[in-house]
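Here is how the chains run, residue by residue.
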Amino acid sequence: MWSFIAQVSIYGLTLFLGAFLVFYKWYNSSSSSTTKKLPPSPPKLPVIGNLHQLGASVHHSFLSLARRYGDSLMLLHIGSVPSLVVSSTEAAREIMKTHDIAFASRPNTRMFRAISYNLKEITVAPYGEYWRQAKSILTLQLLSNKKVQTYNGLREKIIAECVDKITQCFLSNKPADLSDLFSSLTNDVTCMATFGRTYNEGEIGRKFKKVLQEFSEVLGSFYFEDSIPQLAVVDRLRGLSAKVDRVAVDFDEFLQGVVDETIIKVRNNSEKISEDGVETFIEGLLKVQKEDIIGITIDADVIKALLLDAYVAGTDTSSSVLEWAMTELLLHPDNLKKVQDEVRSILHGKEEITDEDLDKMIYLKAVIMETTRLHPPLPILPPRVARHDVNVMGYDIAEGTRVYVNVYAIMRDPKVWEKAEVFLPERFLESSIDFVRHNFELLTFGAGRRGCPGRVFAMAINEKVLATVLSKFDWSLPQGVTPKDVDMNETFGLANHRKIPLLALGKPVPMNGW
Ligand code: HEM
(Lines give C-alpha, C1' and ligand atoms only; values in the text may rest on other atoms or scores of the structure.)
Protein backbone atom coordinates (compact mmCIF):
# COMPACT_ATOMS: atom_id res chain seq x y z
CA MET A 1 0.00 0.00 0.00
CA TRP A 2 2.67 2.49 1.09
CA SER A 3 4.91 1.56 -1.85
CA PHE A 4 1.98 2.22 -4.22
CA ILE A 5 1.41 5.61 -2.69
CA ALA A 6 5.14 6.30 -2.92
CA GLN A 7 5.16 5.25 -6.61
CA VAL A 8 2.17 7.46 -7.43
CA SER A 9 3.86 10.33 -5.57
CA ILE A 10 7.11 9.87 -7.49
CA TYR A 11 5.26 9.77 -10.86
CA GLY A 12 3.24 12.81 -9.82
CA LEU A 13 6.33 14.68 -8.71
CA THR A 14 8.22 13.81 -11.92
CA LEU A 15 5.29 14.96 -14.05
CA PHE A 16 4.99 18.15 -12.02
CA LEU A 17 8.72 18.90 -12.27
CA GLY A 18 8.71 18.19 -16.02
CA ALA A 19 5.77 20.54 -16.57
CA PHE A 20 7.41 23.16 -14.37
CA LEU A 21 10.69 23.01 -16.33
CA VAL A 22 8.90 23.29 -19.70
CA PHE A 23 6.90 26.27 -18.39
CA TYR A 24 10.03 27.82 -16.83
CA LYS A 25 11.97 27.56 -20.11
CA TRP A 26 9.05 28.96 -22.09
CA TYR A 27 8.53 31.78 -19.55
CA ASN A 28 12.17 32.87 -19.63
CA SER A 29 12.56 32.56 -23.39
CA SER A 30 9.24 34.22 -24.21
CA SER A 31 10.12 37.25 -22.16
CA SER A 32 13.49 37.68 -23.88
CA SER A 33 12.36 36.97 -27.43
CA THR A 34 10.68 40.32 -28.00
CA THR A 35 12.16 42.72 -30.51
CA LYS A 36 12.94 45.20 -27.76
CA LYS A 37 16.46 45.43 -26.43
CA LEU A 38 16.22 44.88 -22.70
CA PRO A 39 18.92 45.37 -20.06
CA PRO A 40 20.66 42.17 -18.92
CA SER A 41 18.67 40.11 -16.41
CA PRO A 42 19.26 37.08 -14.23
CA PRO A 43 16.91 34.18 -15.05
CA LYS A 44 13.60 34.51 -13.27
CA LEU A 45 11.01 32.09 -11.86
CA PRO A 46 7.33 32.09 -12.71
CA VAL A 47 5.16 34.28 -10.47
CA ILE A 48 7.89 35.47 -8.10
CA GLY A 49 10.35 36.62 -10.79
CA ASN A 50 13.71 37.35 -9.11
CA LEU A 51 12.28 37.75 -5.64
CA HIS A 52 14.06 34.62 -4.36
CA GLN A 53 17.42 36.28 -5.19
CA LEU A 54 16.86 39.21 -2.83
CA GLY A 55 17.98 38.85 0.78
CA ALA A 56 17.06 40.91 3.84
CA SER A 57 19.57 43.56 2.85
CA VAL A 58 18.32 44.48 -0.60
CA HIS A 59 21.15 46.89 -1.53
CA HIS A 60 23.69 44.09 -0.95
CA SER A 61 21.62 41.64 -3.05
CA PHE A 62 21.26 44.20 -5.85
CA LEU A 63 25.02 44.81 -5.81
CA SER A 64 25.99 41.15 -5.99
CA LEU A 65 23.46 40.48 -8.80
CA ALA A 66 24.68 43.59 -10.66
CA ARG A 67 28.26 42.29 -10.52
CA ARG A 68 27.13 39.14 -12.36
CA TYR A 69 24.47 40.45 -14.71
CA GLY A 70 24.68 44.21 -15.28
CA ASP A 71 26.94 46.54 -13.39
CA SER A 72 25.32 49.62 -14.91
CA LEU A 73 21.73 48.68 -15.67
CA MET A 74 20.02 45.39 -14.86
CA LEU A 75 16.40 44.38 -15.28
CA LEU A 76 14.84 42.30 -12.51
CA HIS A 77 11.30 41.18 -11.99
CA ILE A 78 10.11 41.66 -8.47
CA GLY A 79 7.05 39.47 -8.72
CA SER A 80 5.42 40.65 -11.91
CA VAL A 81 6.84 44.17 -11.78
CA PRO A 82 9.73 45.00 -14.14
CA SER A 83 12.34 46.70 -11.97
CA LEU A 84 15.40 48.47 -13.32
CA VAL A 85 18.40 48.44 -10.98
CA VAL A 86 20.85 51.31 -11.52
CA SER A 87 24.37 50.70 -10.22
CA SER A 88 26.78 53.13 -11.93
CA THR A 89 27.29 56.90 -12.06
CA GLU A 90 26.76 56.94 -15.85
CA ALA A 91 23.44 55.15 -15.54
CA ALA A 92 22.37 57.34 -12.59
CA ARG A 93 23.15 60.43 -14.68
CA GLU A 94 20.98 59.07 -17.49
CA ILE A 95 18.06 58.42 -15.13
CA MET A 96 18.26 61.56 -12.97
CA LYS A 97 19.52 64.09 -15.51
CA THR A 98 19.15 63.10 -19.18
CA HIS A 99 15.75 61.43 -18.64
CA ASP A 100 14.85 63.06 -15.33
CA ILE A 101 11.31 64.02 -16.38
CA ALA A 102 10.62 60.55 -17.75
CA PHE A 103 11.52 59.05 -14.33
CA ALA A 104 10.19 61.84 -12.10
CA SER A 105 7.25 59.90 -10.69
CA ARG A 106 6.93 57.36 -7.89
CA PRO A 107 5.08 54.01 -8.05
CA ASN A 108 1.40 54.12 -7.15
CA THR A 109 1.17 51.22 -4.69
CA ARG A 110 -1.49 50.11 -2.23
CA MET A 111 1.02 50.45 0.64
CA PHE A 112 1.99 54.03 -0.31
CA ARG A 113 -1.65 55.03 -0.84
CA ALA A 114 -2.59 53.70 2.59
CA ILE A 115 0.13 55.40 4.61
CA SER A 116 0.46 58.69 2.75
CA TYR A 117 -3.03 60.16 2.65
CA ASN A 118 -3.57 58.70 -0.79
CA LEU A 119 -0.21 59.85 -2.20
CA LYS A 120 -0.42 63.37 -0.73
CA GLU A 121 3.00 62.96 0.88
CA ILE A 122 5.64 64.60 -1.33
CA THR A 123 7.97 61.62 -1.13
CA VAL A 124 5.48 59.33 -2.89
CA ALA A 125 3.29 61.83 -4.78
CA PRO A 126 3.05 61.29 -8.53
CA TYR A 127 4.87 63.84 -10.69
CA GLY A 128 2.59 66.81 -11.41
CA GLU A 129 1.24 70.12 -10.17
CA TYR A 130 0.30 68.88 -6.68
CA TRP A 131 3.79 67.44 -6.06
CA ARG A 132 5.46 70.64 -7.39
CA GLN A 133 3.40 72.98 -5.21
CA ALA A 134 3.61 70.81 -2.09
CA LYS A 135 7.40 70.54 -2.41
CA SER A 136 7.73 74.30 -2.74
CA ILE A 137 5.55 74.84 0.37
CA LEU A 138 7.75 72.45 2.39
CA THR A 139 10.86 74.21 1.15
CA LEU A 140 9.61 77.75 1.82
CA GLN A 141 7.96 77.05 5.17
CA LEU A 142 10.55 74.71 6.72
CA LEU A 143 13.67 74.05 4.70
CA SER A 144 14.88 77.30 3.09
CA ASN A 145 18.27 78.68 4.21
CA LYS A 146 16.47 81.56 5.94
CA LYS A 147 14.10 79.28 7.84
CA VAL A 148 16.89 76.91 8.83
CA GLN A 149 18.77 79.84 10.43
CA THR A 150 15.75 80.74 12.53
CA TYR A 151 15.96 77.32 14.21
CA ASN A 152 19.50 78.00 15.49
CA GLY A 153 18.31 78.68 19.06
CA LEU A 154 16.20 75.57 19.39
CA ARG A 155 18.95 73.40 17.87
CA GLU A 156 21.45 74.76 20.42
CA LYS A 157 19.11 74.13 23.35
CA ILE A 158 18.50 70.51 22.34
CA ILE A 159 22.21 69.91 21.64
CA ALA A 160 23.03 71.30 25.11
CA GLU A 161 20.64 68.72 26.64
CA CYS A 162 22.48 65.97 24.75
CA VAL A 163 25.83 67.28 26.06
CA ASP A 164 24.45 67.12 29.61
CA LYS A 165 23.37 63.52 29.13
CA ILE A 166 26.81 62.50 27.84
CA THR A 167 28.42 64.26 30.83
CA GLN A 168 26.05 62.44 33.21
CA CYS A 169 27.07 59.09 31.69
CA PHE A 170 30.73 59.96 32.19
CA LEU A 171 30.12 60.98 35.82
CA SER A 172 28.33 57.70 36.47
CA ASN A 173 31.20 55.82 34.85
CA LYS A 174 29.00 54.52 32.05
CA PRO A 175 29.49 54.68 28.27
CA ALA A 176 26.96 56.83 26.45
CA ASP A 177 24.54 55.12 24.04
CA LEU A 178 25.21 57.46 21.12
CA SER A 179 22.70 55.74 18.84
CA ASP A 180 19.91 56.46 21.30
CA LEU A 181 21.09 59.98 22.16
CA PHE A 182 21.39 61.04 18.50
CA SER A 183 18.02 59.51 17.69
CA SER A 184 16.33 61.52 20.50
CA LEU A 185 18.20 64.65 19.50
CA THR A 186 17.18 64.65 15.82
CA ASN A 187 13.66 63.63 16.83
CA ASP A 188 13.40 66.60 19.21
CA VAL A 189 14.84 69.12 16.71
CA THR A 190 12.48 67.97 13.94
CA CYS A 191 9.47 67.88 16.29
CA MET A 192 10.21 71.38 17.61
CA ALA A 193 10.68 72.86 14.14
CA THR A 194 7.67 71.03 12.73
CA PHE A 195 5.12 70.85 15.54
CA GLY A 196 6.47 73.41 18.04
CA ARG A 197 6.82 70.84 20.82
CA THR A 198 8.26 67.40 21.50
CA TYR A 199 6.32 64.21 22.14
CA ASN A 200 8.52 62.25 24.54
CA GLU A 201 6.60 62.25 27.78
CA GLY A 202 3.51 60.50 29.17
CA GLU A 203 0.73 58.73 27.31
CA ILE A 204 1.11 60.78 24.13
CA GLY A 205 4.88 60.11 24.06
CA ARG A 206 4.26 56.38 24.42
CA LYS A 207 1.65 56.39 21.65
CA PHE A 208 3.91 58.40 19.33
CA LYS A 209 6.80 55.97 19.86
CA LYS A 210 4.56 52.98 19.20
CA VAL A 211 3.07 54.37 16.01
CA LEU A 212 6.55 55.34 14.73
CA GLN A 213 7.83 51.85 15.43
CA GLU A 214 4.91 50.26 13.58
CA PHE A 215 5.21 52.73 10.72
CA SER A 216 8.83 51.76 10.24
CA GLU A 217 7.92 48.04 10.46
CA VAL A 218 5.27 48.25 7.73
CA LEU A 219 7.54 50.31 5.49
CA GLY A 220 10.21 47.63 5.82
CA SER A 221 7.81 44.76 5.03
CA PHE A 222 7.40 43.14 1.63
CA TYR A 223 3.85 43.79 0.53
CA PHE A 224 2.79 41.04 -1.88
CA GLU A 225 -0.22 42.89 -3.27
CA ASP A 226 2.05 45.56 -4.78
CA SER A 227 4.33 43.13 -6.63
CA ILE A 228 2.51 39.79 -6.91
CA PRO A 229 -1.20 40.63 -6.86
CA GLN A 230 -2.06 36.88 -7.09
CA LEU A 231 -0.57 36.47 -3.61
CA ALA A 232 -2.32 39.44 -1.98
CA VAL A 233 -4.07 36.91 0.25
CA VAL A 234 -0.72 36.29 2.00
CA ASP A 235 -0.72 39.92 3.21
CA ARG A 236 -4.18 39.39 4.66
CA LEU A 237 -3.34 36.02 6.23
CA ARG A 238 -0.25 37.34 8.02
CA GLY A 239 -2.14 40.43 9.18
CA LEU A 240 -0.02 42.92 7.23
CA SER A 241 -2.94 44.52 5.33
CA ALA A 242 -4.74 45.15 8.61
CA LYS A 243 -1.55 46.46 10.22
CA VAL A 244 -0.93 48.94 7.37
CA ASP A 245 -4.48 50.29 7.71
CA ARG A 246 -4.21 50.48 11.50
CA VAL A 247 -0.89 52.37 11.36
CA ALA A 248 -2.41 54.86 8.91
CA VAL A 249 -5.36 55.45 11.28
CA ASP A 250 -3.11 55.73 14.37
CA PHE A 251 -0.75 58.20 12.70
CA ASP A 252 -3.73 60.20 11.45
CA GLU A 253 -5.15 60.38 14.98
CA PHE A 254 -1.81 61.59 16.30
CA LEU A 255 -1.37 64.24 13.58
CA GLN A 256 -4.97 65.42 13.90
CA GLY A 257 -4.30 65.92 17.62
CA VAL A 258 -1.20 68.01 16.79
CA VAL A 259 -3.17 70.15 14.30
CA ASP A 260 -6.09 70.68 16.72
CA GLU A 261 -3.72 71.62 19.53
CA THR A 262 -1.96 74.15 17.29
CA ILE A 263 -5.20 75.71 16.07
CA ILE A 264 -6.32 76.23 19.69
CA LYS A 265 -2.93 77.71 20.67
CA VAL A 266 -2.90 80.08 17.71
CA ARG A 267 -6.50 81.13 18.41
CA ASN A 268 -5.85 81.76 22.12
CA ASN A 269 -2.50 83.44 21.73
CA SER A 270 -2.41 84.95 18.29
CA GLU A 271 1.30 84.65 19.10
CA LYS A 272 4.00 82.27 17.88
CA ILE A 273 3.41 78.87 19.43
CA SER A 274 6.93 77.57 19.90
CA GLU A 275 8.74 78.53 23.10
CA ASP A 276 11.49 80.29 21.18
CA GLY A 277 9.13 82.45 19.17
CA VAL A 278 10.13 80.65 15.96
CA GLU A 279 7.42 80.12 13.36
CA THR A 280 6.98 76.37 13.17
CA PHE A 281 6.19 74.42 10.02
CA ILE A 282 2.65 73.70 11.16
CA GLU A 283 1.98 77.42 11.72
CA GLY A 284 3.38 78.20 8.28
CA LEU A 285 1.12 75.54 6.77
CA LEU A 286 -2.00 76.87 8.51
CA LYS A 287 -1.12 80.36 7.27
CA VAL A 288 -0.73 79.17 3.68
CA GLN A 289 -4.08 77.39 4.03
CA LYS A 290 -5.78 80.57 5.25
CA GLU A 291 -4.25 82.80 2.59
CA ASP A 292 -5.40 80.36 -0.10
CA ILE A 293 -3.14 81.90 -2.74
CA ILE A 294 -1.49 78.87 -4.25
CA GLY A 295 -2.82 76.66 -6.99
CA ILE A 296 -3.70 73.57 -4.89
CA THR A 297 -6.31 72.99 -2.22
CA ILE A 298 -4.72 72.65 1.18
CA ASP A 299 -7.22 70.53 3.04
CA ALA A 300 -6.73 68.80 6.38
CA ASP A 301 -5.20 65.71 4.72
CA VAL A 302 -2.62 67.78 2.85
CA ILE A 303 -1.53 69.47 6.08
CA LYS A 304 -1.14 66.12 7.84
CA ALA A 305 0.64 64.57 4.85
CA LEU A 306 3.21 67.38 4.76
CA LEU A 307 3.76 67.15 8.52
CA LEU A 308 4.36 63.44 8.07
CA ASP A 309 6.81 64.15 5.23
CA ALA A 310 8.79 66.59 7.33
CA TYR A 311 8.95 64.28 10.32
CA VAL A 312 9.52 60.93 8.62
CA ALA A 313 11.97 62.08 5.94
CA GLY A 314 14.09 64.18 8.27
CA THR A 315 14.56 62.42 11.60
CA ASP A 316 16.02 58.96 11.13
CA THR A 317 18.15 59.98 8.15
CA SER A 318 19.98 62.63 10.19
CA SER A 319 20.57 60.42 13.22
CA SER A 320 21.93 57.69 10.93
CA VAL A 321 24.63 60.10 9.68
CA LEU A 322 25.66 61.03 13.24
CA GLU A 323 25.74 57.45 14.47
CA TRP A 324 27.91 56.20 11.57
CA ALA A 325 30.20 59.25 11.66
CA MET A 326 31.06 58.62 15.31
CA THR A 327 31.45 54.89 14.59
CA GLU A 328 33.99 55.53 11.83
CA LEU A 329 35.86 58.12 13.91
CA LEU A 330 36.12 55.75 16.88
CA LEU A 331 37.49 53.08 14.54
CA HIS A 332 39.99 55.55 13.05
CA PRO A 333 41.74 57.42 15.88
CA ASP A 334 43.97 59.38 13.44
CA ASN A 335 40.95 60.83 11.68
CA LEU A 336 39.31 61.45 15.05
CA LYS A 337 42.31 63.44 16.24
CA LYS A 338 42.53 65.38 12.99
CA VAL A 339 38.88 66.46 13.04
CA GLN A 340 39.02 67.22 16.76
CA ASP A 341 42.12 69.40 16.23
CA GLU A 342 40.37 71.28 13.43
CA VAL A 343 37.18 71.91 15.43
CA ARG A 344 39.05 72.94 18.59
CA SER A 345 41.48 75.24 16.81
CA ILE A 346 38.61 77.05 15.08
CA LEU A 347 36.55 77.38 18.26
CA HIS A 348 39.51 78.11 20.47
CA GLY A 349 37.63 77.42 23.70
CA LYS A 350 34.52 79.29 22.58
CA GLU A 351 31.22 77.69 23.72
CA GLU A 352 29.01 78.96 20.96
CA ILE A 353 29.46 77.54 17.44
CA THR A 354 28.39 79.97 14.72
CA ASP A 355 27.58 79.26 11.08
CA GLU A 356 30.84 81.07 10.17
CA ASP A 357 32.78 78.64 12.41
CA LEU A 358 31.12 75.68 10.68
CA ASP A 359 31.95 77.12 7.24
CA LYS A 360 35.64 76.90 8.17
CA MET A 361 35.43 73.25 9.32
CA ILE A 362 36.44 71.72 6.01
CA TYR A 363 37.68 68.42 7.44
CA LEU A 364 34.49 67.98 9.48
CA LYS A 365 32.46 68.35 6.28
CA ALA A 366 34.75 65.79 4.59
CA VAL A 367 34.14 63.37 7.49
CA ILE A 368 30.37 63.71 7.01
CA MET A 369 30.58 63.19 3.24
CA GLU A 370 32.85 60.18 3.62
CA THR A 371 30.54 58.71 6.27
CA THR A 372 27.51 58.92 3.99
CA ARG A 373 29.52 57.58 1.06
CA LEU A 374 30.14 54.38 3.01
CA HIS A 375 26.88 54.36 5.00
CA PRO A 376 24.20 56.17 3.02
CA PRO A 377 21.09 56.64 5.21
CA LEU A 378 19.02 55.60 2.16
CA PRO A 379 21.19 53.00 0.35
CA ILE A 380 18.56 52.65 -2.39
CA LEU A 381 16.75 55.82 -3.45
CA PRO A 382 12.98 55.71 -3.02
CA PRO A 383 11.71 54.01 -6.21
CA ARG A 384 10.92 56.04 -9.31
CA VAL A 385 8.72 54.88 -12.15
CA ALA A 386 9.01 55.30 -15.93
CA ARG A 387 6.20 57.64 -17.01
CA HIS A 388 6.42 56.45 -20.62
CA ASP A 389 8.57 54.15 -22.78
CA VAL A 390 12.12 55.46 -22.89
CA ASN A 391 15.48 54.36 -24.29
CA VAL A 392 18.29 54.48 -21.74
CA MET A 393 21.88 53.67 -22.77
CA GLY A 394 20.56 51.74 -25.77
CA TYR A 395 18.04 49.69 -23.73
CA ASP A 396 14.26 49.90 -24.07
CA ILE A 397 12.62 50.65 -20.75
CA ALA A 398 8.86 50.20 -20.72
CA GLU A 399 6.36 52.59 -19.16
CA GLY A 400 5.57 51.51 -15.60
CA THR A 401 9.04 50.01 -14.94
CA ARG A 402 10.10 50.74 -11.35
CA VAL A 403 13.59 52.16 -10.99
CA TYR A 404 15.87 51.48 -8.04
CA VAL A 405 19.05 53.57 -7.90
CA ASN A 406 21.47 51.63 -5.72
CA VAL A 407 23.52 54.51 -4.33
CA TYR A 408 25.27 52.08 -2.00
CA ALA A 409 26.82 50.38 -5.08
CA ILE A 410 27.62 53.68 -6.79
CA MET A 411 29.29 55.20 -3.75
CA ARG A 412 31.52 52.13 -3.32
CA ASP A 413 32.29 51.65 -7.00
CA PRO A 414 36.07 51.03 -7.31
CA LYS A 415 35.96 52.45 -10.85
CA VAL A 416 35.00 55.81 -9.36
CA TRP A 417 36.54 55.81 -5.89
CA GLU A 418 40.13 54.91 -5.11
CA LYS A 419 40.36 52.56 -2.09
CA ALA A 420 36.58 52.52 -2.24
CA GLU A 421 36.10 50.42 0.93
CA VAL A 422 38.39 52.56 3.10
CA PHE A 423 37.22 55.45 5.33
CA LEU A 424 39.29 58.30 3.88
CA PRO A 425 37.79 61.78 4.45
CA GLU A 426 40.96 63.27 2.86
CA ARG A 427 39.62 62.23 -0.57
CA PHE A 428 37.19 65.17 -0.39
CA LEU A 429 39.78 67.81 0.55
CA GLU A 430 41.28 68.12 -2.93
CA SER A 431 38.13 67.10 -4.76
CA SER A 432 35.49 69.16 -6.53
CA ILE A 433 32.86 66.65 -5.40
CA ASP A 434 30.51 67.55 -2.58
CA PHE A 435 26.80 67.12 -1.84
CA VAL A 436 25.91 69.89 -4.28
CA ARG A 437 28.63 69.82 -6.94
CA HIS A 438 28.72 66.15 -7.80
CA ASN A 439 28.60 64.35 -11.06
CA PHE A 440 26.35 61.57 -9.81
CA GLU A 441 29.12 59.97 -7.73
CA LEU A 442 27.96 61.24 -4.30
CA LEU A 443 24.23 60.62 -4.16
CA THR A 444 23.46 60.80 -0.44
CA PHE A 445 20.57 63.20 -1.10
CA GLY A 446 19.58 61.81 -4.50
CA ALA A 447 19.44 64.13 -7.50
CA GLY A 448 17.26 65.77 -10.11
CA ARG A 449 13.67 66.87 -9.66
CA ARG A 450 12.97 64.24 -6.99
CA GLY A 451 16.15 65.10 -5.07
CA CYS A 452 15.99 65.75 -1.32
CA PRO A 453 14.86 69.27 -0.34
CA GLY A 454 16.09 68.79 3.27
CA ARG A 455 19.88 68.87 2.81
CA VAL A 456 20.48 72.29 4.38
CA PHE A 457 18.18 71.51 7.31
CA ALA A 458 19.90 68.16 7.91
CA MET A 459 23.45 69.46 7.59
CA ALA A 460 22.71 72.32 9.99
CA ILE A 461 21.96 69.66 12.64
CA ASN A 462 24.68 67.20 11.72
CA GLU A 463 27.57 69.66 11.50
CA LYS A 464 26.64 71.43 14.72
CA VAL A 465 26.11 68.23 16.70
CA LEU A 466 29.39 66.70 15.55
CA ALA A 467 31.36 69.92 16.10
CA THR A 468 29.88 70.17 19.61
CA VAL A 469 30.55 66.61 20.76
CA LEU A 470 34.04 66.67 19.25
CA SER A 471 34.95 69.95 20.92
CA LYS A 472 33.48 69.16 24.33
CA PHE A 473 34.56 65.52 24.80
CA ASP A 474 37.53 63.24 24.24
CA TRP A 475 36.15 60.03 22.78
CA SER A 476 37.10 56.39 23.15
CA LEU A 477 35.49 52.97 22.89
CA PRO A 478 34.24 51.51 26.20
CA GLN A 479 36.89 49.80 28.30
CA GLY A 480 37.87 46.40 26.95
CA VAL A 481 36.32 47.03 23.50
CA THR A 482 38.74 47.16 20.59
CA PRO A 483 37.94 48.38 17.04
CA LYS A 484 37.81 44.70 15.99
CA ASP A 485 34.89 44.13 18.39
CA VAL A 486 32.73 46.87 16.92
CA ASP A 487 29.84 45.27 15.07
CA MET A 488 29.33 47.02 11.72
CA ASN A 489 26.11 45.25 10.78
CA GLU A 490 23.24 47.37 9.57
CA THR A 491 19.53 47.32 10.14
CA PHE A 492 16.96 49.18 8.12
CA GLY A 493 14.00 51.07 9.60
CA LEU A 494 13.17 54.45 8.13
CA ALA A 495 16.92 54.74 7.42
CA ASN A 496 20.02 52.60 7.57
CA HIS A 497 21.19 52.25 11.18
CA ARG A 498 23.66 50.25 13.21
CA LYS A 499 22.22 46.91 14.23
CA ILE A 500 23.90 47.16 17.63
CA PRO A 501 23.74 50.60 19.30
CA LEU A 502 27.00 52.53 19.44
CA LEU A 503 28.41 52.82 22.96
CA ALA A 504 31.30 55.22 23.62
CA LEU A 505 33.00 57.06 26.47
CA GLY A 506 32.97 60.83 26.24
CA LYS A 507 35.36 62.47 28.68
CA PRO A 508 34.48 66.16 29.15
CA VAL A 509 37.20 68.60 28.11
CA PRO A 510 37.49 71.74 30.26
CA MET A 511 36.65 74.54 27.79
CA ASN A 512 38.53 77.22 29.69
CA GLY A 513 41.67 75.14 29.25
CA TRP A 514 42.15 76.84 25.87
C1 HEM B 1 20.87 63.45 6.39
C2 HEM B 1 19.59 63.64 6.20
C3 HEM B 1 18.85 63.30 4.94
C4 HEM B 1 19.18 62.43 3.94
C5 HEM B 1 20.44 61.58 3.82
C6 HEM B 1 18.11 62.46 2.98
C7 HEM B 1 18.09 61.72 1.81
C8 HEM B 1 17.07 61.76 0.88
C9 HEM B 1 17.06 61.01 -0.34
C10 HEM B 1 18.17 60.07 -0.79
C11 HEM B 1 15.90 61.27 -0.98
C12 HEM B 1 15.44 60.70 -2.32
C13 HEM B 1 15.98 61.59 -3.42
C14 HEM B 1 15.79 61.05 -4.78
O15 HEM B 1 14.87 60.25 -5.02
O16 HEM B 1 16.57 61.45 -5.66
C17 HEM B 1 15.17 62.20 -0.17
C18 HEM B 1 13.94 62.70 -0.51
C19 HEM B 1 13.24 63.56 0.29
N20 HEM B 1 13.67 64.13 1.48
FE21 HEM B 1 15.44 63.83 2.35
N22 HEM B 1 17.14 63.33 3.40
C23 HEM B 1 17.56 63.88 4.59
C24 HEM B 1 16.89 64.82 5.32
C25 HEM B 1 15.68 65.36 5.00
C26 HEM B 1 14.99 66.34 5.78
C27 HEM B 1 15.54 66.99 7.05
C28 HEM B 1 13.80 66.56 5.17
C29 HEM B 1 12.68 67.46 5.59
C30 HEM B 1 12.44 67.80 6.83
C31 HEM B 1 13.74 65.73 3.99
C32 HEM B 1 12.68 65.68 3.11
C33 HEM B 1 12.67 64.92 1.96
C34 HEM B 1 11.53 64.87 1.04
C35 HEM B 1 10.20 65.59 1.20
C36 HEM B 1 11.90 64.02 -0.01
C37 HEM B 1 11.06 63.62 -1.22
C38 HEM B 1 11.43 64.48 -2.42
C39 HEM B 1 10.61 64.13 -3.65
O40 HEM B 1 10.18 62.98 -3.81
O41 HEM B 1 10.40 65.03 -4.48
N42 HEM B 1 14.91 65.02 3.92
N43 HEM B 1 15.90 62.48 0.96
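A brief structural summary. Please read these numbers as outputs of a predicted model, since none were measured by experiment.

This part takes up the sheet that holds strand β11 (residues 503–508). With antiparallel pairing, three strands are arranged side by side in an open sheet as β3-β11-β8. Of all the strands in the sheet, just β3 (176–177) and β8 (473–476) have a single pairing partner and so form its edges. By the bridge criterion, four bridges tie β8 to β11 in an arrangement that is antiparallel. Looking at β11, one finds that S476 is bridged to L505.

The subject of this paragraph is helix α8 (residues 178–195). For α8, built from 18 residues, the straight-helix expectation of 26 Å at 1.5 Å per residue is met to within 8% by its first-to-last C-alpha distance of 25 Å. When you tally the buried positions in α8, you get 15 out of 18 residues, the bulk of the element. Put simply, D177 is the residue that caps the front of α8, since its side-chain oxygen is 3.2 Å from the backbone nitrogen of S179. After α8 finishes, the residue G196 shows a positive phi value of roughly 85 degrees.

Turning to the nonpolar core, a few remarks are in order. In terms of nonpolar packing, the biggest core is built from 136 residues, with L178, M326 and W475 touching the most fellow members. If you tally residues by element for this core, the top one is helix α14 (residues 300–331), at 16 residues. Leave out the neighbours within four places in its chain, and W475 touches I166, L178, M326, L330, L336, Q340, V469, L470, A504, L505 and G506. By size, the runner-up hydrophobic cluster in this structure holds 13 residues, among which are L54, L65, F224 and Y404.

Conventions adopted
Residues numbered from 1 in each chain as written. Predicted model: local features only at pLDDT ≥ 70, side-chain atom pairs only at ≥ 80, totals over all residues. Heavy atoms only, no water. Pairing = 2+ DSSP bridges. Helix = DSSP H or I, 4+ residues; strand = E, 2+ residues; numbered from the N terminus. Expected span 1.5 Å × (residues − 1). Buried < 20%, exposed > 50% of the residue type's maximum accessible area, 1.4 Å probe, protein only. Polar contact = N/O pair within 3.5 Å; in protein donor to acceptor, adjacent residues only side chain to side chain. Core = buried A, V, L, I, M, F, W, Y, C linked by side-chain atoms within 4.5 Å. Contact = heavy atoms within 4.5 Å.

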